[in-house]
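Breakdown of the fold
Listed below, chain by chain, are the residues.
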Amino acid sequence: MNPIIEFCMSNLANGSWRALEILENDPNLDVIEYSCLNHCEFCAGHLFALVNGEIVTGEDPEKLVENIYHRLEEEPLF
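Here we summarise the structure given alongside this text.

Some remarks on the pattern of salt bridges
- In total, this model carries 3 salt bridges according to the counting rule given.
- When the shortest N-O distance is used, the salt bridge between E66 and K63 registers 3.1 Å. Taken together, the residues E66 and K63, both in helix 3 (residues 61-74) and 3 residues apart, mark about one turn of the helix.
- Residue class for E66 comes out partly exposed when judged on its relative accessible area of 47%.

Things to note about the sheet that holds strand 3 (residues 47-51)
- The sheet built from 4 strands is open, its strands ordered 2-1-3-4 with mixed pairing. Because the sheet does not close on itself, it has two edges, and the strands there are strand 2 (30-34) and strand 4 (54-58). For this sheet the average axis-to-axis angle between neighbouring strands, irrespective of direction, equals 30 degrees.
- As defined by bridge partners, strand 1 (residues 4-8) adjoins strand 3 across 2 bridges and the pair is classed as antiparallel. Paired with I5 across the two strands is V51, which belongs to strand 3.
- Lying over the sheet, helix 1 (residues 9-24) contacts strand 1, strand 2 and strand 3, oriented at roughly 150 degrees with respect to strand 1.
- Of the strands in this sheet, strand 1, strand 3 and strand 4 touch helix 3, which is tilted by about 145 degrees from strand 4.

Procedures and definitions
- Residues numbered from 1 in each chain as written.
- Predicted model: local features only at pLDDT ≥ 70, side-chain atom pairs only at ≥ 80, totals over all residues.
- Heavy atoms only, no water.
- Salt bridge = Lys/Arg side-chain N within 4 Å of Asp/Glu carboxyl O.
- Helix = DSSP H or I, 4+ residues; strand = E, 2+ residues; numbered from the N terminus.
- Buried < 20%, exposed > 50% of the residue type's maximum accessible area, 1.4 Å probe, protein only.
- Pairing = 2+ DSSP bridges.
- Axes fitted to C-alpha atoms, helices over the stretch in contact; angles between N-to-C directions.
- Contact = heavy atoms within 4.5 Å.

Next up, the structure:
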């Protein structure tokens, strides 16, 4: 079972699309886009994604990717 990375379409429009593109190239991740993740307070001010249901933020797409991988190292599925 791969880790699940979820993105909000509104947040993609705010700049996290580049992080999504990078992560989609990792065959060990399941990357999913939703119209809304119901975390509008984060979406309005941060680039973010849900990593196995937990919010991860980043100042820019590259930092978001770095923080996502860091979270995955901290809390592996197995």
